[in-house]
Amino acid sequence: MSTLGTEPARITHLIGGRWDGTSGRTSEVFNPASGEVTGRVDLASADLVGEVVATARTAWEGWADTSLAKRTQVLFAFRELLNARKQEIAALITAEHGKVLDDALGEVTRGLEVAEFACGIPHLLKGGFTENASTKVDVYSLRQPLGVVAVISPFNFPAMVPLWFIPIAIACGNAVVLKPSEKDPSAAVAMARLWREAGLPDGVMNVVHGDKEAVDALLTHPDVKAVSFVGSTPIARYVYETATAHGKRVQALGGAKNHMLVLPDADLDLAADAAINAGFGSAGERCMAISALVAVDTIADELIEKITDRMRKLRTGDGTRGCDMGPLVTSAHRDKVASYVEAGVDAGATLVVDGRKDEFDGGDQGFWLGPTLFDHVTPQMSIYRDEIFGPVLSVVRVKSYEEGLNLINANPYGNGTAIFTNDGGAARRFQNQVEVGMVGINVPIPVPVSYYSFGGWKDSLFGDTHAHGMDGVHFYTRGKVVTSRWLDPGHGGLNLGFPRND
Ligand code: NAD
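Owing to the predicted nature of the structure, the values given are computational and were not obtained by experimental measurement.

Student: Lay out the sheet that holds strand β1 (residues 10-11) in plain terms, naming residues and giving numbers.
Tutor: Pairing is mixed across the open sheet formed by three strands, whose spatial order is β1-β5-β4. The strands lining the two open edges of the sheet, one partner per strand, are β1 and β4 (25-31). Looking at chain direction, β4 and strand β5 (residues 36-43) are connected through seven bridges and run antiparallel. Pairing of Glu 28 across the sheet is with Arg 40, part of β5.

Here's what the structure looks like:
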């Protein structure tokens, strides 16, 4: 068995089956639970990106012509390898991202489900066929691969987000260049090794590490036909505008501010558990994290008490030690999140639980901040307006369902939301009226299963196509319709008119 870890601290690019780094620029990778530098990742130059794309372009020609039977064999082999090695990949995630091991394993498992979905590609790519659409004329549809596609992923799901895209892109017959987050690149490297072990031809799956220089090179390269991006809203908007201006198909998933609306008839214990899980899981570094708890005033005090009780029992520490919550990803991010706690206090919100004062089961230099709860937050405060991306939960009190719904719909983001209620009619109204892409009913983190598609509305997604499910298959293929007539004794004759069906 090969080694999945990147034992020498150098983390480099995979170009057509060759591990290679040439740019000279590097970036540090940390273990957030100790604060130590554990790796150094190469940052690609624009020239190197050009080399990777050229390699992928060459490999694509063979792969696009490979039968569905052979492609499926590779996908099944990848699925088996990923399943067998998921604990190791989870450990790599915890070591660089900081999330607790169990959570890291959860993200690999959700990504694995997309690989399983992609194993059904022969069925998913079936076109339509109409015999005798016109006399002796048949019409049928095909879906063909695009060529080289780029996947640019964020730090917070170093395995799951690449897996949202890559198995489907490859199954559809494309070649991939993955640009993972430079903050935690090792899970991507490990999975690239598994694709090679699964028998994928060299060059079909490439990894290029880097920052803005590498991203810009991908967004403007003429041989990159499509870009799947996930990250913060300002960069998602930039990626969408730049890559579409260069003629590419783009899906750019951005940031979020997810609300959980709790109605007076909700099961408050269930709602309190959900608020804890969705607010503080992965230290709030999830695009589907709940950061705004919208409580109808009559039950707000009781709900906050239940949440506060639960928060007292949470342990924050090194993700390998059985804690509930890990550190934040970098010290700069930790400081930014902590500055929001200060801003909330300055703006007049009530600080119910202050995570800055916690004790942490980890290194002294770790990037720590404990779960934090604010009450009486108003929509004008920065802790409500901004995506904090940390373990800070804000309670906004409202008088009614309508006020809660209006608040959610007025927010510029529209990624995920949840309603907690025992009133089926209210839940049904909410699913219909809320302007958000993914909705949970008594489910706090409604991440769609792989055969549905993942994506938000408004500033949470630029482009028309969501990730995975049938949207994924459509994104990575182009439709073609063939109208055919085979020679028949009855054919022929000149006719310059527009083709008519008869
Ligand atoms: P980010 O926007 O900083 O980085 C995302 C990717 O873009 C990385 O690969 C990074 O190297 C690259 N990048 C960063 N700055 C760039 C620039 N100026 N020009 C070009 N490329 C650049 O995001 P992040 O901090 O890694 O991830 C957290 C963000 O991602 C949060 O906002 C979160 O909500 C969002 N996210 C969204 C979803 C979703 O499905 N909508 C899922 C996961 C994460």
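Student: Describe a nonpolar patch on the surface, and please don't skip the residues or the numbers.
Tutor: Nonpolar side chains collect at one region of the surface, where Val 449, Tyr 451 and Tyr 452 lie side by side and expose about 350 Å² of accessible area between them. With respect to the element layout, Tyr 451 can be found in the loop between β20 (438-441) and β21 (457-458).

Student: Give a description of the sheet that holds β20 that names residues and reports values.
Tutor: Strand order in the open sheet formed by seven strands is β15-β16-β17-β14-β13-β19-β20, and the pairing between neighbours is mixed. Every interior strand has two partners, whereas the edge strands, β15 (350-353) and β20, have only one. Here the average twist between neighbouring strands, direction ignored, is 20 degrees. Examined bridge by bridge, strand β13 (residues 258-262) and strand β19 (residues 416-420) share four bridges and lie parallel to one another. The residue of β19 that forms the bridge with Leu 261 is Ile 419. Together, β13, β14 (290-296), β15, β16 (372-375) and β17 (392-398) form the strand contacts of helix α11 (residues 297-312), whose direction differs from that of β14 by roughly 140 degrees. Packing against the sheet, helix α12 (residues 331-347) makes contact with β15, β16 and β17, and its axis sits at approximately 25 degrees to β16.

Student: Pulling in residues and values, what's your account of the pairing of β14?
Tutor: Put simply, side chains in a regular strand alternate between the two faces of the sheet. Of all seven residues in β14, seven are buried, a share of seventy percent or more. With five bridges joining them, β13 and β14 adopt parallel strand pairing. Residue pairing across strands places His 259 opposite Ala 292, the latter belonging to β14. Traced from β13 through helix α10 (residues 268-280) to β14, the parallel crossover comes out right-handed.

Student: How would you sum up unusual backbone geometry? Please name residues and give values.
Tutor: Phi is positive for Asn 132, close to 60 degrees, though the residue is something other than glycine. With respect to the element layout, Asn 132 can be found in strand β6 (residues 129-134). Judged by its relative accessible area of 47%, Asn 132 falls in the partly exposed class. One non-glycine residue, Ala 283, lies in the positive phi region at around 55 degrees. When you line up the elements, Ala 283 lands in the loop between α10 and β14. Here Ala 283 falls in the buried class, since its relative accessible area comes to 1%.

Student: Tell me about the side chain of Thr 94, residues and numbers included.
Tutor: Within the fold, Thr 94 resides in helix α3 (residues 86-97). For Thr 94, a relative accessible area of 4% translates into the label buried. Beyond its immediate sequence surroundings of up to four residues, Thr 94 is in contact with Lys 99, Val 100, Leu 101, Ala 104, Gly 319 and Thr 320.

Student: Please set out the site of the ligand residue by residue, giving values where relevant.
Tutor: Of all residues adjacent to the ligand, which total 27 residues, the nearest are Lys 179, Glu 182, Ser 232, Gly 254 and Glu 387. Within the contact set of the ligand, an oxygen atom lies 2.7 Å away from a side-chain nitrogen or oxygen of Lys 179. At a separation of 3.3 Å, an oxygen atom of the ligand approaches a polar backbone atom of Gly 231. Here the ligand has 840 Å² of accessible area as a free molecule, and 89% of this is covered by the chains. When residues of the shell around the ligand are traced back to their parent elements, those giving at least two are α8 (212-220) and β11 (224-230). For the shell around the ligand, the per-class residue count stands at 14 nonpolar, nine polar and four charged.

Student: I'd like a description of α3, backed by residues and values.
Tutor: Compared with the 16 Å implied by 1.5 Å per residue over twelve residues, the 16 Å span of α3 between its first and last C-alpha is a close match. Within the span of α3, buried status applies to Ile 89, Ala 90, Leu 92, Ile 93, Thr 94, Glu 96 and His 97. Looking at the buried positions of α3, the neighbouring elements they touch are β1, β4, α2 (68-84), α4 (101-118) and α7 (186-197). Once α3 finishes, Gly 98 follows within two positions and takes phi at roughly 105 degrees, a positive value.

Student: Break down the pattern of salt bridges for me, citing the residues and quoting the values.
Tutor: All told, the structure shown has 35 salt bridges when counted by the stated rule. Ionic pairing is found between Glu 28 and Arg 40, a salt bridge with its closest N-O pair at 3.7 Å. Here Glu 28, found in strand β4, pairs with Arg 40, found in strand β5; they are twelve residues apart in sequence, far enough to count as distant. Glu 402 is the partner of Arg 429 in a salt bridge, and the nearest nitrogen-oxygen pair spans 2.8 Å. Placement of Arg 429 in helix α15 (residues 424-433) and of Glu 402 in helix α14 (residues 401-410) is noted, with a sequence separation of 27 residues between them. Here the salt bridges share partners, and the residues they tie into one network are Asp 297, Asp 301, Asp 375, Arg 397 and Lys 399.

Student: How would you explain the environment of Val 239 if you had to name every residue and give the values?
Tutor: Here Val 239 lies in helix α9 (residues 233-245). Judged by relative accessible area, Val 239 falls into the buried class, the value being 0%. The sequence separation of Val 239 and Leu 68 amounts to 171 residues, and the corresponding C-alpha distance is 32 Å. Setting aside residues no more than four positions away along its own chain, Val 239 makes contact with Val 215, Leu 219, Val 227, Phe 229, Thr 244 and Val 250.

Student: Explain the side chain of Thr 72 residue by residue, including any values.
Tutor: Within the secondary structure layout, Thr 72 lies in helix α2. Residue classification places Thr 72 among the buried positions, given a relative accessible area of 11%. Excluding residues that lie within four positions of it along the chain, Thr 72 makes contacts with Cys 119, Ile 121 and Pro 122.

Each value, and the rule that gives it
Residues numbered from 1 in each chain as written. Predicted model: local features only at pLDDT ≥ 70, side-chain atom pairs only at ≥ 80, totals over all residues. Heavy atoms only, no water. Pairing = 2+ DSSP bridges. Helix = DSSP H or I, 4+ residues; strand = E, 2+ residues; numbered from the N terminus. Patch = residues over 30% accessible without salt bridge, like charges linked within 9 Å, V, L, I, M, F, W, Y side chains within 5 Å. Areas by Shrake-Rupley, 256 points an atom, 1.4 Å probe, with all protein chains shown as cover. Salt bridge = Lys/Arg side-chain N within 4 Å of Asp/Glu carboxyl O. Axes fitted to C-alpha atoms, helices over the stretch in contact; angles between N-to-C directions. Contact = heavy atoms within 4.5 Å. Buried < 20%, exposed > 50% of the residue type's maximum accessible area, 1.4 Å probe, protein only. Right-handed = clockwise from strand over helix to strand, strands pointing away. Near = heavy atom within 4 Å. Polar contact = N/O pair within 3.5 Å; in protein donor to acceptor, adjacent residues only side chain to side chain. Nonpolar A, V, L, I, M, F, W, Y, C, P; charged D, E, K, R; others polar. Expected span 1.5 Å × (residues − 1).

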